[in-house]
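Residue-level structure breakdown
What follows is each chain in one-letter form.
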Amino acid sequence: MDFALSPKARRTCDEMWDFMRSHVFPAEPVWAAYLAEHGPHEHPPVMEDLKAEARRRGLWNLFLPKLSGLSNLEYAAVAEISGWSPVIAPEAINCQAPDTGNMETLELFATPEQREGWLEPLLDGRMRSAFAMTEPDVASSDATNIETRIVRDGDEYVINGRKWFITGVADARCEIFIVMGKTDPDADTHRQQSMVLVPRDTPGLSIERHLPLFGYQDQHGHSEIVFRDVRVPAANLLAGEGDGFLISQARLGPGRIHHAMRAIGMAERALALMVDRAKSRVAFGKRLADQANVQDAIAQSRIDIDQARLLVYDAAWKIDQNGAKGARKEIAAIKVAAPAMACAVIDRAIELFGAAGISDDTPLAYFYAWARALRIVDGPDAVHRRTIARMELRHTPPYVG
């Protein structure tokens, strides 16, 4: 097991850090000021400047090994760096969710026509996309519960259903939805679902509302949408009828690496803020850095971050060696461990900042909200613990007793 980065990956990380310091971090207040003036779902022009600079530096579509030349393990290191500014940096390098998962899906399953119409514009950063799976009336962590119907009618599919917390919809650049629904409720449990491509302007598709996370409206939105007799060409089907569950599993492995490493990046920035605060703040006659409980919080945060990183590297390495299916337990483990670790570290940082930590004067409150949301995104912690437990129960240990 080798976690060493190649020279190319080390150069990419160095370039990414230079890009973060020289362009991304200075863009954060510009980004925030634009949204405050124009509305939370507008598109700050500074993003296009960042994207142009990222492309000039070769920091573009790094998540896709076929294009970047980086393994999943090597891209994990880049994803962590982007997590220091999780709202801006991933999009600046065209490595933002849910587009990365959608691009991976299209790369694996799209027809030549679908690739030309949707994958190529996404890879070029000319549009955004959404993945419409979760629903308000069923436990969507179990994809077999999905109730949205996709019914064949001649040369078209007709879609009816309601989806919510669909990321990206509030952004007007979101032009295509990958929609999961049931094409055959009577088939075997994992062959009932299919996925179709639905353009944003299709008649019958209604955007009902944009849902907040802990009161925060994400720039790209997490939205509730309704499909009422939405018709798309049969050629918009991804793969074949009944392949929806298979597709949903295939797209989650690398994406969970990305989420976990960005969470680690957020935790690293929270720790950096914590250390800076501890050195500069005085309470009860001495610096916070000289208080034993503060030292304990800093030390534990370093331990927690480094443990989580190694766990994610292990999962990424195993994906590179054996594919996502061969790293199923490790992927489930990082999905639980990384966001929980980030929540704990960010919470300690908030404690040191006091009231400032829960304000908008630091990124900590938003980081905490997003880290907590990650414990639900792509399935809640309990679902992944269940997966790990079942695999452990089937495992035969070398010795008992």
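Quick caveat: nothing in here was measured; it's all calculated off a predicted structure.

Here we look at the side chain of Glu224
- With respect to the element layout, Glu224 can be found in strand E7 (residues 222-233).
- Overall, Glu224 belongs to the buried group, its relative accessible area being 8%.
- Separated by 2.6 Å, the side chains of Glu224 and Arg209 make a polar contact.
- In this structure, Glu224 is in contact with Arg162, Lys163, Trp164, Ser206, Ile207, Glu208, Arg209 and Leu211, ignoring residues within four places of it in sequence.

Some details on the environment of Met261
- With respect to the helices, strands and loops of the structure, Met261 is situated in helix H9 (residues 252-280).
- On the basis of relative accessibility, which here comes to 0%, the residue Met261 falls in the buried class.
- In this view, Met261 contacts Ala76, Ala79, Glu80, Arg309, Val312 and Tyr313; residues no more than four positions away in its chain are not counted.

Notes on helix H2 (residues 46-56)
- Within H2 the residues assigned to the buried category are Val46, Met47, Leu50, Lys51, Glu53 and Ala54. Down the axis of H2, the smallest arc covering the buried residues is 165°, so these residues share one side. Summarising the geometry of H2, the exposed residues directed more than 90 degrees from the buried face are Asp49 and Arg56.
- Tucked into the core, H2 has its buried residues touching helix H1 (7-38) and helix H5 (89-92).
- Within two residues after H2, Gly58 carries a phi angle of roughly 80°, on the positive side.

Looking at unusual backbone geometry
- Here the bond from Ala97 into Pro98 is cis, since omega is 0°, no more than 30 degrees from zero.
- Assignment of secondary structure puts Pro98 in the loop between H5 and helix H6 (99-109).
- Here Asn61, not a glycine, exhibits a phi torsion of approximately 55°, which is positive.
- If you trace the backbone, Asn61 turns up in the loop between H2 and helix H3 (65-68).
- We note that Asp378 has phi near 60°; this positive angle belongs to a residue other than glycine.
- With respect to the secondary-structure elements, Asp378 resides in the loop between helix H12 (364-374) and helix H13 (381-394).

Regarding helix H10 (residues 292-322)
- Across its 31 residues, H10 extends 45 Å between first and last C-alpha, which sits within 8% of the 45 Å expected from 1.5 Å per residue.
- One or two residues past the end of H10 sits Gly323, with phi positive at roughly 80°.

With respect to the packing of H10 against helix H11 (residues 328-353)
- Orientation of H10 relative to H11, taken along the N-to-C sense of each, is 160°, at an axis distance of 9 Å. Judged by the inter-axis angle, H10 sits roughly antiparallel to H11. As H10 runs across H11, the sense of the crossing is left-handed.
- Tallied by class, residues from the contact of H10 with H11 come to 15 nonpolar, two polar and five charged.

Comments concerning the pairing of E7
- With nine bridges joining them, strand E3 (residues 156-167) and E7 adopt antiparallel strand pairing. When the bridges of E7 are listed, Thr167 appears paired with His222.
- In this structure, strand E6 (residues 205-210) lies alongside E7, joined through five bridges in antiparallel fashion. The residue bridging Ile207 from the neighbouring strand is Ile225, located in E7.

Here's the deal with the pairing of strand E2 (residues 149-153)
- Pairing analysis gives five bridges linking E2 to E3, with the strands arranged antiparallel. Note that in E3 the partner of Asp153 across the bridge is Glu156.
- Between the antiparallel neighbours E2 and E3 lie two residues, among them Gly154 with a positive phi of about 65°.

Here's the deal with a positive patch on the surface
- A contiguous patch of positive charge on the surface is contributed by Arg328, Arg386, Arg390 and Arg394.
- Ranked by residue count, the leading element in the positive patch is H13, at three residues.
- By secondary structure assignment, the location of Arg328 is in helix H11.
- Here Arg328 falls in the partly exposed class, since its relative accessible area comes to 48%.

Rules of the game
Residues numbered from 1 in each chain as written. Predicted model: local features only at pLDDT ≥ 70, side-chain atom pairs only at ≥ 80, totals over all residues. Heavy atoms only, no water. Helix = DSSP H or I, 4+ residues; strand = E, 2+ residues; numbered from the N terminus. Buried < 20%, exposed > 50% of the residue type's maximum accessible area, 1.4 Å probe, protein only. Polar contact = N/O pair within 3.5 Å; in protein donor to acceptor, adjacent residues only side chain to side chain. Contact = heavy atoms within 4.5 Å. Arc of directions from axis to C-beta. Expected span 1.5 Å × (residues − 1). Axes fitted to C-alpha atoms, helices over the stretch in contact; angles between N-to-C directions. Parallel < 35°, antiparallel > 145°, perpendicular 65-115°, else oblique. Left-handed = near helix turned anticlockwise from the far one by under 90°. Nonpolar A, V, L, I, M, F, W, Y, C, P; charged D, E, K, R; others polar. Pairing = 2+ DSSP bridges. Patch = residues over 30% accessible without salt bridge, like charges linked within 9 Å, V, L, I, M, F, W, Y side chains within 5 Å. Areas by Shrake-Rupley, 256 points an atom, 1.4 Å probe, with all protein chains shown as cover. Salt bridge = Lys/Arg side-chain N within 4 Å of Asp/Glu carboxyl O. Lys, Arg positive; Asp, Glu negative; His and termini not counted. Charge placed at Lys NZ, Arg CZ, Asp CG, Glu CD.

This is a description of form; function is not addressed.
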